[in-house]
Amino acid sequence: MRKHTVSEVTTPRRSLGGIVILFSLVLAGCASDAELDTLKPQSDVARSIDNLMDPVLAVAGVVMVLIGGGILYMAKRDHVDGYEELDFPEQIHGNNTLEVAWTIIPAVIMALIAVATVVTHLAVNDTEANAYSVEVAGETESWEPVVVVVGQQWWWEYRYYFDQDIDAEALGDPRLLPEADIVTAGQMAIPVGQEIELVISSRDVIHSHWIPALNGKRDARPGFWAPWKLEADDPGVYFGQCTEFCGLSHSRMRMQVTAMTDDDFQAWVDQQMTPAAVPVGAEDYVAELRAGNNASLGESDSAAARGLEAFVSNCSSCHLIDGVNDLTYTGATTESGSAPDLTHFASRTTFAGGILNTYNRDGSLNRDDLSAWIRDPQAMKGNAANDLGDGVAPRGMPTLGLGERTISDLVDYLETLGPKPSDELIAQTEVD
Amino acid sequence: MAIIEEPLALESGQADIAERPLGVMTRPQGGNGWRDWLSSVDHKKIGIMYGVAAMFFFVVGGIEALLLRTQLAFPEQGFLSPQLYNELFTMHGVTMVFLFIMPLAAAFANYLIPLQIGARDVAFPRLNALSFWIWISGAIFLNSSWLVGGGGADCGWFCYSPNSGITFSPTHGVDFYAIGLLIAGIASLISAINLIVTVLNMRAPGMTLFRMPVLTWMLLVTQFLLAFALPVITVALFLLIFDRVFDSQFFDPEAGADPLLWQHLFWIFGHPEVYIIILPSFGMISEIIPTFSRKPLFGYSFMVFSGIAIGFMGWGVWAHHMFVSGIGPISVLAFSLSTMFIAVPTGVKILNWLATMWGGKLWFTTPMLFAVGSVAMFTIGGLSGVTHAIAPADTQQTDTYYIVAHFHYVIFGGGVLGMMGGAYFWWPKIFGYMLNETRGKIHFWMMLIGFNLTFGPMHVLGLQGMSRRIDTYSEGFGFEFWNLISTIGSYIIALSVAYFIYNTLRSRKEARDLPPPGPDPWDARSLEWMLPSPTPEHNFDEVPIIESQDEWWHRKYGYDEDHNVIRIATIEEAAQKGDAVGVHLPSPSFWPLVLALGLPLIGYGIIFNLWLCVLGGLLSGGAIYAWALEPVDDPDADHGPHDDHGHDADHSDDDDDGDAVAVGADDSAGDA
Amino acid sequence: MSTATASADTHTEHDPHATNTGISNTKLAMWLFLGTECLLFGGLISTYLLYKTRGNGKTLPTDIFDIPFTSVSSFVLLMSSLTMVLALSAINRGDIERTRGWLLTTAMLGGVFIGGQVYEFTSFVREGVGFTTNPASSAFFTLTGFHGVHVSLGILMLMSLVVASVQGRLKPQNAETVEIVGLYWHFVDIVWIFIFTVIYLIPAE
């Protein structure tokens, strides 16, 4: 047979080397300030996952090097530039012993991995029966530490019930949950070193709750309460991101877990259970409102007081502030039937689904973003609120067309809904 | 069908008197030009049309990918709006899976299966044409949502409910997704049945199942997977359409529906789909590596059985896509373990390829480079697959870029690279000229490097916690560098694809000054290489009698008493001449095309105005009856005793099948 | 008509119908098609089973089933399988007249079944269980509706054969065509037996 003429023979050496380098980078865990890094576990659960995964990654790396190396070795040793007549190597059709061997050996490796997987999987899905003492209204409650987590487009709500055992079966429709002791949005506080159970659901589409440093993710599925758990070794802030595609602003649905010492957590609970502070000069107005009367603030020099009135007339049909409209509040007019609870808005360091900072780096209120958000939320986070047809509920905060003075008053009022967190926490929770 | 052992002496399609079923259309008579392509029932022409259309949609899906990567090159960019980003990543996935890889595999399956088993065509040539036309009408329908549907679907290719419901996706994009995939699914279903029957029934004498080339085997397994996976997604898509258009309650959680229903139905289809994508490439690699190692495939029967095992096990792993959906820890564990063990037959395949190369004479032609590159890249994808078969680890990895990296290594690395090798390998057989080797190698290295630059960094990004399907990301999570690298890589892939297209055109031009490649330019092993290049319309002058695996190789070479390879015959001596005259071939028909045109009309009707459904139904229904009344072969063409399609005894045989299956197909769309 | 599988050694005579499996292409294709249909109905039946008690506070289909009525129409459909067999045996004997008669009977029995289904659907809607009432009703109408469409298409095929026989196009050598339509018809029947048992006879818990 004729000899084929082929220019030059290249071997797949270069790129495979590149891949090896890439993989070693993966194994090394790379970047330094990656807050969502899955290879930097900060809890027993996350560590057990990592401990399972690291050796598997290592074995996978070895197998990859063996196979890639084998190909390179053969390419170097056995390559030819075309075929001479009858230029044949030994014609081998197979070898049953080898076939059996390389069926059994991978099967054994997989079986070993399977055993480790079963052990870890059962541990990760096991919840300890435990109790945590919290002081509520002067009395010590034994809290079975459960946080009810509800996702909706595009933010997370965390609800704390200290005086009752949460039965996931009995929770029912996440739109009709019983009144909670504490309701927050975007930031969940937990005591450190304590296994916290989560029950997760959704008020609209499927979301997924994920704090990589503390545990894997779990879907928030409407009509179902998914059990999950978290635990943090050390005080600090742990970042998360919704990981099930949930529509337009999926990328802008983030959250944080703040792990605190027992004392700090108790202090946090005390703060959060206090009704919102009423701005000076608006006490009578609020009292009238709560009595169910048509009230008006009248002329006021206090921007915060004017902001409160603006809240009542523009925001209170969706947002709740304990101590202002909690007696009349019946739920939001959004598709999910909910909007973030603003009672202690300024005690949280992020807003708008965890994408904007409430405070600047120097500790001052982030008036720019707050004003911009109230002015035109659509511009900062698409939420399909305004361009829907008749009878379709908005799926996020609509653009209300408020005047600049009203916006400024509202920002002033929101600032009073503290207490303001520590500068340290502000720095730790900063988002870009 | 008849098994023919002597040259045939029939005139085909040369009748003077045209038949007019229903008095509407003249029976096409074959010949040249576009009309010939529109009415062709030749499996080779249909294969080529599948291939060209698939490459077109590869470019479409690739442009969508480039837009996505451009948006993600830097943090917090506004190059694409979130809505457009969501539509683009949805359509990228749908296009690449349903409109590129599947039809590209269908192109090879159509072209090569009859040649590799020694048949003159597929079992039902007109149904084959129907499959292609239905598929392409579904593909155009699906993409027409950009123009008339208010944008593409924005629910992801997996389209989880309730996000795919009318409340959360109020534009028509999801309607186009559901109906478009239904139409394309009908095409794949018909094609799968057709090809299974072809392989089971139409093999040349002596071509026992275990003498078939591994490519034919893998394509057969693929067709079985298609045949049984598609009905499941059909159910899911119907339920979705009913919910969106007719207000049924399948996916409304407020009415007590369970969003997991969609997930189960989708992934019962969706996981076999992965093997539908990868197995054809495995088959091609199994043809290419032995040819360029000059050794027979190592462990043929193990390769076949591992392929079948993958096909079976592929049905028992679907819920590994749902580890975090809350299906219960025991279910998770069961699916975790079954997923791990599907790695075993896959590993057997990789090791057998390596053993085939071991001690061989490795000639790194372009097809060989692609095949070996594909093995290496697929190995990486397979290994990362093992890491998320581990359910606890998957809770960290799922829905991150680590998964994106994994399945691109499997689908692009394992699937596309392998099929690219197949394209270079069979190009001379299909088009009669060789692709330039130097340019082919440049194409390979560009594609391999671009591919690794694009998808390698996604492993890192995923482990660093970058979620999938996010239209932008913030600074400070360590995502910036690798995203930029990935975007650069994606442009290199785009360049390599452009260079491939350039290579095909340039090589075609240069081929005029080069000697023709002859029947067997690679000194290959399977039956198609005994035919002239390009394959003559009638395939085999006479159907060969098969005596062994690698029949063609054994017609060229034998062994002496010391088991050394000796030459028995030169290629020129052993090959067929392609000069048989008057071989009777199935007559062309326009009705498959007409029938297919009705389906998108029905689709538009469901979305916009039910009267269009009536129009589409009439068109398709009329075409079915015209088809049924039109004999398989032109009755005016002279029939002799050597009819290849065995209809002379009962004319309506094939006709009624066409009727039955096509009516069923019409029903699936017409009833929505 | 089907000879042994072709093999290199034995195949010397020239049989235009020989296939490797001995089953004609058309019949094999129909078997495969029916195999895929199993998955289709499997999906629909699973959907119904998942949803049959999800009433969203409204009436469930199971609450208003008229079992005696449906039993009668099921029996009618079952009988049509018998007449289909008779049609096939008639054409195998070469008796086109009787074939036509039995095909027509089969189609009419199928028509009676469809009529019964139409009656059942309308009475359900009258009793407040429509397609959009609750997940259970959506699943019920979809499953039984898909089956009804399959029966209707079967009737269409049977009538096509009847018309062909009137035109003299149905000849004894077309027995396989009748057999293949019969395969489809029996399949649709069997699916109904399954649906009837699973949906109507097994009570909702």
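This one's a predicted model, so the numbers in the text were calculated from it and none came from an experiment.

*Asks:* Teacher, can you tell me more about the overall build of chain C here?
*Replies:* When helices and strands are tallied, chain C shows five helices and zero strands. C-alpha atoms of chain C, sized along the principal axes, occupy 70 × 40 × 20 Å. Contacts spanning at least 24 positions in sequence make up 75% of the contacts within chain C whose residues lie at least 6 apart. For chain C, the computed accessible surface area is about 8,400 Å², with 66% contributed by carbon and sulfur atoms. Taking the average place of the 10 positive charges on the side chains of chain C and the average place of its 14 negative ones, the gap between the two points comes to 7 Å.

*Asks:* Which parts of the structure should I look at to understand the sheet that holds strand E11 (residues 226-230) of chain A?
*Replies:* Residue and element names in this part refer to chain A. If you trace the five strands from one edge of the open sheet to the other, you get E6-E5-E4-E8-E11, paired in mixed fashion. This sheet does not close on itself; its edge strands, each paired only once, are strand E6 (182-185) and E11. The mean angle between the axes of side-by-side strands here comes to 25°, regardless of whether they run parallel or antiparallel. Relative to strand E5 (residues 155-160), strand E4 (residues 146-152) runs antiparallel, the two sharing six bridges. Paired with valine 150 across the bridge in E5 is glutamate 157.

*Asks:* It is not clear to me how the state of the cysteines should be interpreted in this structure. Could you clarify?
*Replies:* All names here are of chain B. The full count for this structure, using the stated rule, is one disulfide over all chains. Each sulfur of the disulfide joining cysteine 155 and cysteine 159 lies 2.1 Å from the other. Handedness here is read from the sign of the S-S torsion; for cysteine 155 and cysteine 159, about -85°, the answer is left-handed.

*Asks:* For this particular structure, what's the right way to read the confidence of the model for chain B?
*Replies:* Reading fine detail from the predicted coordinates is not recommended where pLDDT is low. All names here are of chain B. Residue-level pLDDT values for chain B average 89, and 89% of them are 70 or greater. In this model, residues 1-24 is a region of pLDDT below 50 whose contacts with residues beyond four sequence positions or in other chains number 78 contacts. Low confidence marks residues 637-672, where pLDDT is under 50. Its contacts with residues over four positions away, or in another chain, come to 102 contacts.

*Asks:* When you look at a nonpolar patch on the surface in this model, what are you seeing that I'm missing?
*Replies:* All names here are of chain A. Together, Val100, Ile104, Val108 and Leu112 line one region of the surface with nonpolar side chains, adding up to about 360 Å² of accessible area. For leucine 112, the position within the fold is in helix H3 (residues 96-125). Judged by relative accessible area, leucine 112 falls into the exposed class, the value being 59%.

*Asks:* Is there a simple way to explain the sheet that holds strand E13 (residues 254-260) of chain A in this structure?
*Replies:* Adjacent strands of a sheet pair through backbone hydrogen bonds, lying either parallel or antiparallel. Residue and element names in this part refer to chain A. Spatial strand order, E7-E13-E12: three strands in an open sheet with mixed pairing. What marks the edges here is a single partner per strand, and that holds for strand E7 (187-191) and strand E12 (236-241). Each adjacent strand pair in this sheet contributes to an overall mean axis angle of 20°, direction not counted. Alignment of E7 against E13, held across five bridges, turns out to be parallel. Residue pairing for E13: glutamine 187 is matched across the bridge by glutamine 256.

*Asks:* I'm lost on the confidence of the model for chain C in this one. Help?
*Replies:* Residues and elements named next belong to chain C. The share of residues in chain C with pLDDT of 70 or more is 91%, and the mean pLDDT across the chain is 89. Taken together, the stretch residues 1-16 has pLDDT below 50 and engages in 37 contacts with residues farther than four places along the chain or on a different chain. Taken over the whole predicted complex, pTM reads 0.91, whereas the ipTM for its chain interfaces reads 0.91.

*Asks:* I tried to follow the packing of aromatic side chains on my own but got confused; where do I start?
*Replies:* By convention here, two paired aromatic rings are described through the distance between centres and the angle between planes. The final tally for this structure, using the stated rule, is 91 aromatic pairs over all chains. Taking 6.5 Å as the distance between ring centres and 25° as the angle between the ring planes, the aromatic pair formed by phenylalanine 250 of chain B and tyrosine 51 of chain C counts as stacked. On the criterion of chain membership, the pair formed by phenylalanine 250 of chain B in the loop between helix H7 (214-246) and helix H8 (260-293) and tyrosine 51 of chain C in helix H1 (residues 25-51) is interchain, its members lying in two chains. Taken individually, phenylalanine 250 of chain B and tyrosine 51 of chain C each receive the classification buried, so the pair is uniform in this respect. Centre to centre, the rings of phenylalanine 292 of chain B and tryptophan 522 of chain B are 5.3 Å apart; their planes meet at 80°, and the pair counts as edge-to-face. Taken together, the residues phenylalanine 292 of chain B in helix H8 and tryptophan 522 of chain B in the loop between helix H16 (480-511) and helix H17 (551-556) connect sequence positions 230 residues apart. Each member of the pair, phenylalanine 292 of chain B as well as tryptophan 522 of chain B, carries the same accessibility label: buried. A connected cluster of aromatic rings, assembled from ring pairs, spans Tyr48, Phe65, Phe113, Phe121, Phe124, Phe140, Phe141, Trp192, Phe196 and Tyr200 of chain C. In this structure, arginine 77 of chain A packs its charged tip against the face of tryptophan 358 of chain B, placed 4.4 Å from the ring centre.

*Asks:* Before we go on, may I ask you to explain the interface of chain A and chain B in this structure?
*Replies:* Many analyses report the size of an interface as the accessible area lost when the parts associate. Between chain A and chain B, the residue contacts involve 111 residues of the former and 120 residues of the latter. Across the chain A to chain B interface the summed buried area is about 9,900 Å²; carbon plus sulfur atoms make up 68%. Of all residues in chain A, Tyr83, Phe88 and Phe245 of chain A bury the most surface against chain B, accounting for 8% of the area lost on that side. At the junction of chain A with chain B, the criterion picks out five salt bridges. A salt bridge links aspartate 471 of chain B to arginine 252 of chain A; the nearest nitrogen and oxygen atoms lie 3.1 Å apart. Seen at the junction of chain A and chain B, the total is 30 residue pairs in polar contact (both at pLDDT 80 or more). Secondary-structure elements contributing two or more residues to the side of chain A that touches chain B are helix H1 (13-28), helix H2 (44-78), strand E1 (79-80), H3, strand E9 (207-210), strand E10 (217-220) and E12 of chain A. Considering every element that reaches the side of chain A that touches chain B, the biggest residue donor is H3 of chain A, with 17 residues. Class assignment of the residues belonging to the side of chain A that touches chain B gives a composition of 57 nonpolar, 27 polar and 27 charged.

*Asks:* Honestly, helix H3 (residues 96-126) of chain C in this entry has me stumped. Any pointers?
*Replies:* Residues lying three or four places apart along an α-helix face the same way, a consequence of the helix completing one turn every 3.6 residues. Between the first and last C-alpha of H3 of chain C there are 45 Å, a value that for 31 residues agrees with the 45 Å anticipated at 1.5 Å per step. At the N-terminal end of H3 of chain C, a side-chain oxygen is found 3.3 Å from the backbone nitrogen of glutamate 97 of chain C, two or three residues along, and the residue is aspartate 95 of chain C.

*Asks:* Got a minute to help me understand the nonpolar core in this structure?
*Replies:* Proteins that are soluble and globular tend to have nonpolar side chains buried together. In this structure, Trp135, Tyr177 and Trp262 of chain B are the most contacted members of the largest nonpolar core, which totals 292 residues. No other element matches the 23 residues that helix H3 (residues 82-117) of chain B contributes to this core.

*Asks:* Can you walk me through the pairing of E13 of chain A in this structure?
*Replies:* The two faces of the sheet receive side chains in turn, since in a regular strand these alternate between them. Of all seven residues in E13 of chain A, seven are buried; the element is thus mostly enclosed. The two faces of E13 of chain A match: Arg254, Gln256, Thr258 and Met260 of chain A on one face and Met255, Val257 and Ala259 of chain A on the other face are all buried.

Conventions used here
- Note on numbering: residues in each chain are counted from 1, in written sequence order.
- All chains are assigned letters beginning at A, and all ligands numbers beginning at 1, according to the order in which they are written.
- Only residues with pLDDT of at least 70 get local features here, since the model is predicted, and only at 80 or more are side-chain atom pairs given and counted; chain-wide, interface and lining totals rely on the full set of residues.
- Side-chain measures here rest on the full set of heavy atoms in the structure, leaving out hydrogens and waters.
- A run of DSSP states H or I qualifies as a helix once it reaches four residues; a run of E qualifies as a strand once it reaches two. Both are numbered from the N-terminal end.
- By definition in these notes, contact holds between two residues if any of their heavy atoms fall within 4.5 Å.
- Areas reported here follow the Shrake-Rupley algorithm with a probe of radius 1.4 Å; residue values treat only the protein chains shown as occluding.
- For the purpose of counting charges, residues Lys and Arg are taken to be positive, whereas Asp and Glu are taken to be negative. His and the chain ends are not included.
- Where a charge sits is defined by one atom per residue type, namely NZ (Lys), CZ (Arg), CG (Asp) or CD (Glu).
- Pairing between two strands is assigned when DSSP locates at least 2 bridges connecting them.
- Axes here mean lines fitted to C-alpha atoms, for a helix over just the part in contact, with angles spanning 0 to 180 degrees between N-to-C directions.
- Cysteine sulfur atoms are paired as a disulfide whenever they come within 2.5 Å of each other.
- Values of pLDDT, ranging from 0 to 100, describe the predictor's confidence in every residue of the model.
- By definition, no residue in a patch forms a salt bridge, and every one has over 30% relative accessible area; like charges are joined within 9 Å, nonpolar side chains (Val, Leu, Ile, Met, Phe, Trp, Tyr) within 5 Å.
- Here a salt bridge means any side-chain nitrogen of Lys or Arg lying within 4 Å of a carboxyl oxygen belonging to Asp or Glu.
- Under the scheme applied here, a residue whose accessible area is under 20% of the maximum for its type counts as buried, over 50% as exposed, and between as partly exposed, the area being computed with a 1.4 Å probe on protein chains only.
- A pair of Phe, Tyr and Trp rings is counted when the ring centres sit within 6.5 Å of each other, with Trp represented by its six-membered ring. The angle between the planes then sorts it: under 30 degrees is stacked, over 60 is edge-to-face, the rest tilted.
- By definition here, charges over rings are those cases where NZ of Lys or CZ of Arg is within 6 Å of the ring centre and within 35 degrees of the ring normal.
- The buried area of a pairing is the accessible area, by a 1.4 Å probe, that goes missing from both parts when the two are put together, added over both.
- The definition of a polar contact used here is a pair of N or O atoms within 3.5 Å, where within protein one atom must be able to donate a hydrogen and the other to accept one, and adjacent residues in sequence count solely through side-chain atom pairs.
- Polar here means any residue other than Ala, Val, Leu, Ile, Met, Phe, Trp, Tyr, Cys and Pro, which are nonpolar, and Asp, Glu, Lys and Arg, which are charged; Gly is therefore polar.
- Expected helix span is computed as 1.5 Å times (number of residues minus one).
- In plain words, nonpolar cores are sets of buried Ala, Val, Leu, Ile, Met, Phe, Trp, Tyr and Cys residues tied together by side-chain atoms within 4.5 Å.

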